[in-house]
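Working through the structure, step by step
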Amino acid sequence: MANLDDLYREIILDHYRSPRNRGELPPPAHHVEGFNPLCGDEIVVYVLIDDGVLVDIKLTGHGCSISQASSSLMSGAVKGKTLEQVRDTIATFKQLMTVHEGQLGEPAVATSPDADLRRLGELAALAGVVKFPVRIKCATLAWNTLAQALDETST
Ligand code: ZN
């Protein structure tokens, strides 16, 4: 498992150092700010939705490596997808971040359903975060903010 951990650490560091989809989107794009007071992570998610498709997504903000890498990984996973696919990805990721609560000390990756991890691709790199409960809010910040942006644009 050490090699897998190393790979996941590399993915997280890569996205932290070279975040994807950084920047802002002009109106009519919608934007929502998210804040994780436990760690001081801040993020702004810009979404451009057209005809039920998340056409573009951009992110600004700053914070710890987990929060920034998670937002970068998220942007790549949802850009260009239908809103239904985006919501499905959000739900799958949040399940990954909550399913192991109460099983602290267990290797998160080993206990995750393989199918879910495969569906998540690079996002699986964040699965190890559940071993550190204080960091879960860092990892889910971008996702909760994106979910809020979708809610606000669909009303
Ligand atoms: Zn953080």
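Just so we're clear, the structure is a prediction, and the values are computed from it rather than from any experiment.

Helices and strands together make up the secondary structure of the protein, namely 6 helices and 3 strands. Counted from the first residue to the last, the protein has its helices and strands arranged as α-β-β-β-α-α-α-α-α. Counting over 155 residues, the protein shows a buried share of 44%. Taking the contacts inside the protein whose residues are at least 6 apart along the sequence as the reference set, 65% of them involve residues at least 24 apart. As displayed, the protein has an accessible area near 8000 Å², and 52% of this comes from carbon and sulfur atoms.

What follows concerns the packing of aromatic side chains. Tallied over the entire structure, the rule returns 1 aromatic pair. With 4.2 Å between their ring centres and 15° between their planes, F93 and W143 make a pair best called stacked. With F93 in helix α3 (residues 83-98) and W143 in helix α6 (residues 133-153), this pair connects stretches of sequence that are 50 residues apart. In terms of burial, F93 and W143 fall into one category: buried.

Time to look at the coordination of the zinc ion. Every protein donor of the zinc ion is accounted for by C39 (SG), D41 (OD), D41 (OD), C64 (SG) and C138 (SG), and the metal-donor separations fall at 2.1 to 2.7 Å. Counting the intervening residues between successive donors of the zinc ion yields the motif C-x1-D-x22-C-x73-C. A relative accessible area of 1% means that D41 is categorised as buried.

Inspection of the entire model under this criterion finds 4 salt bridges. Close ionic contact of D56 with K79 constitutes a salt bridge, the shortest N to O distance being 3.4 Å. Pair noted here: D56 is in strand β3 (residues 53-62) and K79 is in the loop between α2 (65-78) and α3, with a separation of 23 residues, a long-range link.

To continue, consider the nonpolar core. Residues M74, M97 and L146 are the most contacted members of the largest nonpolar core, which totals 40 residues. No other element matches α6, which puts 9 residues into this core. Those residues within four positions of M97 in sequence are excluded, and the remaining contacts are L126, A127, V129, V130, I136, A139 and T140.

Turning our eyes to something else, we now look at the environment of S71. Looking at where S71 falls in the secondary structure, it is placed in helix α2. Ignoring anything within four residues of it in the chain, the contact list for S71 reads I43, L59 and A142.

So, how was this worked out
Residues numbered from 1 in each chain as written. Predicted model: local features only at pLDDT ≥ 70, side-chain atom pairs only at ≥ 80, totals over all residues. Heavy atoms only, no water. Helix = DSSP H or I, 4+ residues; strand = E, 2+ residues; numbered from the N terminus. Buried < 20%, exposed > 50% of the residue type's maximum accessible area, 1.4 Å probe, protein only. Contact = heavy atoms within 4.5 Å. Areas by Shrake-Rupley, 256 points an atom, 1.4 Å probe, with all protein chains shown as cover. Phe/Tyr/Trp six-rings, centres within 6.5 Å; stacked < 30°, edge-to-face > 60°. Donors = N, O, S within 2.8 Å, 3.2 Å for Na, K, Ca; no water. Salt bridge = Lys/Arg side-chain N within 4 Å of Asp/Glu carboxyl O. Core = buried A, V, L, I, M, F, W, Y, C linked by side-chain atoms within 4.5 Å.

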